[in-house]
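# Structure at a glance
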Amino acid sequence: AATFGIRYEHVRYAAPVGHTRAASEAARRANGTHLLLLKDTASIRRGALRALHSTFDTAPDVGVVGGRLLDESGAVAEAGSIVWSDGTTAPYRGHADGTSHRLSYARDVDYVSSAVAMVPRELFLSLDMFDPLFSPGYHEIAIHLRSRRG
């Protein structure tokens, strides 16, 4: 199927397989240059995909690009996250509302949520995709840390 010039394939599993396995299998089947990781609970605002993709043009050394995630009230739930030296994590949010530009700029973060993320397909495949050993909860962190090795 295709919508707006984007080819996609809808795959259904007989039983739940989890986000990490489904995303990794989708990456193997994909044929585009970039993968959009999008959880079923996320919705995208107009222009968001173009903004995510254009980051790779302006900053070619970037491995993974994430979106600013808003909660149900419109407040910023996450705009990237940090991994502290003890292994705990925390999202960048700063109590900004979704209309604030305080967290609406490109910056280096330790990892972004795969609720909305874009990654070059070849990079994702070369990093062995999402490692099931880190799922659930740490698969996003593991792939970001592996992408920084080189």
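## Points about the overall build of the protein
For the protein, the count of helices and strands is four helices and nine strands. If you list the helices and strands of the protein from N to C, you get β-β-α-β-α-β-β-β-β-β-β-α-α. Counting the 150 residues in the protein, one finds 30% classified as buried. Restricting the contact set of the protein to residue pairs at least 6 apart, pairs at least 24 apart contribute 59%. Working note: accessible area of the protein is about 10,000 Å², and carbon and sulfur atoms make up 54% of it.

## Remarks on the nonpolar core
Within the largest apolar cluster, 11 residues are counted, these being A23, A27, L35, L37, V64, V109, V112, A117, V119, F124 and F130. Within the residue set of this core, elements represented by two or more residues are α1 (19-29), β3 (34-38) and β9 (116-120). Ranked by size, the runner-up nonpolar core spans seven residues in total, among them F56, V65, L69 and V116.

## Remarks on the confidence of the model for the protein
Low pLDDT means the predicted coordinates in that region are not meant to be read closely. When the pLDDT values of the protein are averaged, the result is 78; 77% of them are 70 or greater. Averaged over each element, pLDDT in the protein is lowest for strand β1 (residues 2-3) (52) and highest for strand β4 (residues 65-66) (88).

## Focus on the sheet that holds β9
In spatial order, the strands read β3-β9-β4; together these three strands make up an open sheet with antiparallel pairing. Whereas interior strands pair on both sides, the edge strands pair on one side only; in this sheet they are β3 and β4. Of the strand pairs in this sheet, β4 and β9 are connected by two bridges, and their pairing is antiparallel. Within the sheet, the bridge partner assigned to G66 lies in β9 and is A117. Against the sheet, helix α2 (residues 48-58) makes contact with β3, β4 and β9, and its axis sits at roughly 35° relative to β9, the strand it touches most.

## Remarks on a nonpolar patch on the surface
A cluster of nonpolar side chains, contributed by L36, L38, I44 and L49, occupies part of the molecular surface with about 280 Å² of accessible area. Within the secondary structure, I44 is located in the loop between β3 and α2.

## What to know about the pairing of β9
Counting buried residues in β9 gives five out of five residues, a clear majority hidden from the surface. Where β3 meets β9, five bridges bridge the pair, whose relative direction is antiparallel. Residue pairing across strands places L38 opposite V116, the latter belonging to β9.

## Thoughts on the environment of A79
Here A79 is to be found in the loop between β6 (76-78) and β7 (81-83). Residue class for A79 comes out buried when judged on its relative accessible area of 7%. Once the C-alpha coordinates of A79 and G67 are considered, the two residues, 12 residues apart in sequence, prove to be 6.6 Å apart.

Cut-offs and rules
- Residues numbered from 1 in each chain as written.
- Predicted model: local features only at pLDDT ≥ 70, side-chain atom pairs only at ≥ 80, totals over all residues.
- Heavy atoms only, no water.
- Helix = DSSP H or I, 4+ residues; strand = E, 2+ residues; numbered from the N terminus.
- Buried < 20%, exposed > 50% of the residue type's maximum accessible area, 1.4 Å probe, protein only.
- Contact = heavy atoms within 4.5 Å.
- Areas by Shrake-Rupley, 256 points an atom, 1.4 Å probe, with all protein chains shown as cover.
- Core = buried A, V, L, I, M, F, W, Y, C linked by side-chain atoms within 4.5 Å.
- pLDDT = per-residue confidence, 0-100.
- Pairing = 2+ DSSP bridges.
- Axes fitted to C-alpha atoms, helices over the stretch in contact; angles between N-to-C directions.
- Patch = residues over 30% accessible without salt bridge, like charges linked within 9 Å, V, L, I, M, F, W, Y side chains within 5 Å.
- Salt bridge = Lys/Arg side-chain N within 4 Å of Asp/Glu carboxyl O.

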